[in-house]
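Observations on the three-dimensional arrangement
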Amino acid sequence: MTMEVDKTTIGKAAAIIRAGGLVAFPTETVYGLGADATNGLAVARIFEAKGRPRFNPLIVHVADMNAAREIADFDEQALALGAAFWPGPLTIVLPVSPRPKHRISELVTAGLDTVAIRVPAHPAARQLLDAALVPIAAPSANVSGRISPTRAHHVYDDFGTNVELIIDGGDAEAGLESTIVALAPQPMLLRPGAVAREDIEAHLKLRLGEFSETGIRSPGQLLSHYAPRAAMRLDVKATLPGEVLLGFGPDAPSDALNLSQIGDLREAAANLFAHLRALDAQSPAQIAVMPIPASGLGEAINDRLRRASFPRE
Ligand code: TXA
Ligand code: MG
């Protein structure tokens with residue numbers, strides 16, 4: 001069932017979460033598929049519904065820094081990052097606190113001694129956390145390997161009635177998943193996302209290290225991910241027969257679906273997944289994508305496009 005955000009919906013959603021069910025809810029990045037992070041069976045249902053091939057660790061969503069500090073060990077640098085970017089689209093990977101202090105399921109952390117935490121900014125997500133009174137584990141609300149959902153109907157398209165409740169909060173504002181940062185052994189960008197690397201580096205007054213594609217630290221870094229059904233070709237200046245074009249900027253042909261007519265990276269990020277879905281729905285031979293600048297949010301946009309275009313069986 002899809003319901004607009006109001007008190008009744010939030011109450012119903014919180015009751016489903018507390019009873020071990022799944023709720024899809026809006027965040028400022030993409031829609032999440034949420035379950036009670038302290039209930040292993042409920043968390044297992046997330047993996048089952050998504051058809052995730054492996055038990056990748058999940059992000060734990062909490063209402064505020066106090067709730068976060070029960071789950072993870074924050075040093076001064078982590079506290080500063082949280083203070084600067086929470087609530088918001090930043091996920092911080094930290095050492096998990098000893099388990100009597102919290103009851104986060106081992107399935108959420110996939111047996112790691114670290115946990116990924118974020119405090120979302122979207123009002124519906126915040127209301128849900130306040131009403132549910134438990135931390136909520138939530139990956140993006142898409143079937144594994146498919147494009148992340150930025151609208152309620154994307155969630156419905158992937159799951160139909162397999163998800164008890166979908167909270168419709170309109171279009172996701174950022175349209176890209178959260179940026180994931182680990183601070184130990186040294187500050188590192190695990191996944192580019194809705195907060196630009198430059199903003200985090202400016203706050204920490206240091207450069208974030210690079211993750212390596214081979215030593216996968218964050219399974220979201222799997223090469224073929226976020227994939228439409230159609231094949232893709234990037235950095236395209238002219239289309240081939242049978243291709244549809246995903247444009248960017250004022251130079252794009254007027255019949256192309258344009259990520260941002262004025263060449264604004266924030267607008268492009270917000271449109272990325274919805275536009276990919278719309279083009280994929282036309283069942284084209286291939287989706288061609290115009291060049292996107294590499295700086296700021298362009299880093300995350302190009303990252304998602306590379307993964308979407310990676311050849312698959
Ligand atoms: O914007 C977002 O982050 C969305 C919304 C719903 O919050 N969630 C999201 O979750 O993108 P998901 O599961 O699609 O991606 C979570 C990423 C995965 O790549 C996972 O491997 C990584 O976080 N992750 C989780 N725990 C980790 C840990 N302890 N160490 C390293 N990576 C971790
Ligand atoms: Mg995902």
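Description of the structure in this document. Every chain's residues receive numbers from 1 upward, in the order its sequence appears when written. Whichever chain is written first becomes A and whichever ligand is written first becomes 1, with later ones labelled in order. pLDDT decides what is reported in this predicted model: residues at 70 or higher carry local features, side-chain atom pairs at 80 or more are listed and counted, and totals for whole chains, interfaces and linings draw on all residues regardless. Computation of side-chain values: all heavy atoms of the structure, hydrogens and water removed.

A word on the overall build of the chain
Applied cut-off: What counts as a helix is a DSSP run of H or I of at least four residues, what counts as a strand is a run of E of at least two, and both are numbered from the N terminus. Computation of the radius of gyration draws on C-alpha atoms alone. For the globule rule, the value is 2.2 Å times the number of residues to the power 0.38. Only protein chains enter the accessibility calculation, which uses a 1.4 Å probe. A residue is then buried if its area is under 20% of the maximum for its type, exposed if over 50%, and partly exposed in between. The criterion used for residue contact is that any of the two residues' heavy atoms lie within 4.5 Å. For the area figures, the Shrake-Rupley method with a 1.4 Å probe applies, and any residue is considered shielded solely by the protein chains shown. Charge assignment: positive for Lys and Arg, negative for Asp and Glu; neither His nor the chain ends contribute. A single reference atom marks each charge: NZ on Lys, CZ on Arg, CG on Asp, CD on Glu.
A count of helices and strands for the chain gives ten helices and 15 strands. Against the compact-globule benchmark of 20 Å for 313 residues, the chain has a radius of gyration of 19 Å, which places it among compact chains. Each principal axis of the C-alpha distribution contributes one length, and for the chain these read about 60 × 45 × 35 Å. Buried positions account for 57% of the 313 residues belonging to the chain. By sequence separation, contacts in the chain at least 24 residues apart represent 68% of the contacts at least 6 residues apart. Accessible surface computed for the chain: about 13400 Å², of which carbon and sulfur atoms make up 53%. In the chain, 29 side chains carry a positive charge and 35 a negative one; their mean positions are 3 Å apart.

Re helix α4 (residues 76-85)
Just so we agree on the cut-off: Comment: arc refers to directions from the helix axis out to C-beta atoms.
Buried within α4 we find Ala78, Leu81, Gly82 and Phe85. Along the axis of α4, the buried positions cluster into a sector of 95°, meaning they face one direction only. Away from the buried face of α4 by more than 90 degrees, exposed residues Glu76 and Ala83 are located. Buried residues along α4 sit against α3 (65-71), β5 (90-95), β9 (179-182) and α8 (197-204).

Some words on the sheet that holds strand β12 (residues 231-233)
This is how it is decided: Pairs of strands are assigned from DSSP output, requiring at least two bridges between the strands.
In space, the four strands of this open sheet follow the order β12-β15-β13-β14, with parallel pairing throughout. Edge positions in the sheet fall to β12 and β14 (257-258), since each has one partner strand and no second.

Description of the environment of Gly11
In this fold, Gly11 is placed in helix α1 (residues 7-18). For the pair Gly11 and Ala131, spaced 120 residues apart in the sequence, the C-alpha separation amounts to 6.8 Å.

Looking at the nonpolar core
Defined as follows: Within this scheme, the nonpolar core is defined by two criteria: the residues are buried Ala, Val, Leu, Ile, Met, Phe, Trp, Tyr or Cys, and they are joined through side-chain atoms within 4.5 Å.
In this structure, Leu81, Leu90 and Ile200 are the most contacted members of the largest nonpolar core, which totals 45 residues. When residues no more than four places from it in sequence are discounted, the contact partners of Ile200 are Leu81, Phe85, Leu90, Thr179, Val181, Val195 and Leu208. Membership of the second largest hydrophobic core comes to 26 residues, among which are Phe248, Leu259, Ile287 and Ala300.

With respect to the packing of aromatic side chains
Stated precisely, the cut-off is as follows: Two rings belonging to Phe, Tyr or Trp (six-membered ring only in the last case) form a pair when the distance between their centres is within 6.5 Å. Interplanar angles under 30 degrees mark stacking, angles over 60 mark edge-to-face geometry, and anything in between is tilted.
For the coordinates displayed, the defined rule picks out one aromatic pair. Relative to Trp86, the ring of Phe74 has its centre 6.0 Å away and its plane inclined at 75°; by these criteria the two rings are edge-to-face. Linking Phe74 in the loop between α3 and α4 with Trp86 in the loop between α4 and β5, this pair joins segments that are twelve residues apart in sequence. Looking at Phe74, the relative accessible area reads 13%, which means it is buried. Given a relative accessible area of 10%, Trp86 falls into the buried group.

Quick notes on the sheet that holds strand β8 (residues 165-168)
Spelled out, the test is: Axis lines are fitted through C-alpha atoms, for helices just across the contact stretch, and the angle between N-to-C directions can take any value from 0 to 180 degrees.
Reading across from one edge, β1-β8-β2-β3-β7-β4-β6-β5-β9-β10-β11 is the order of the eleven strands in this open sheet, with mixed pairing throughout. Edge strands, defined here as strands with exactly one partner in the open sheet, are β1 (2-4) and β11 (209-210). One ladder, built from three bridges, connects β1 with β8; its direction is parallel. Residue Thr2 lies in a different strand from β8, and its bridge partner there is Ile166. Relative to the sheet, helix α7 (residues 152-159) contacts β1, β2 (23-25), β3 (32-36) and β8, its axis offset from that of β8 by approximately 160°.

The quantities given are spatial measurements derived from coordinates; they are silent on function.
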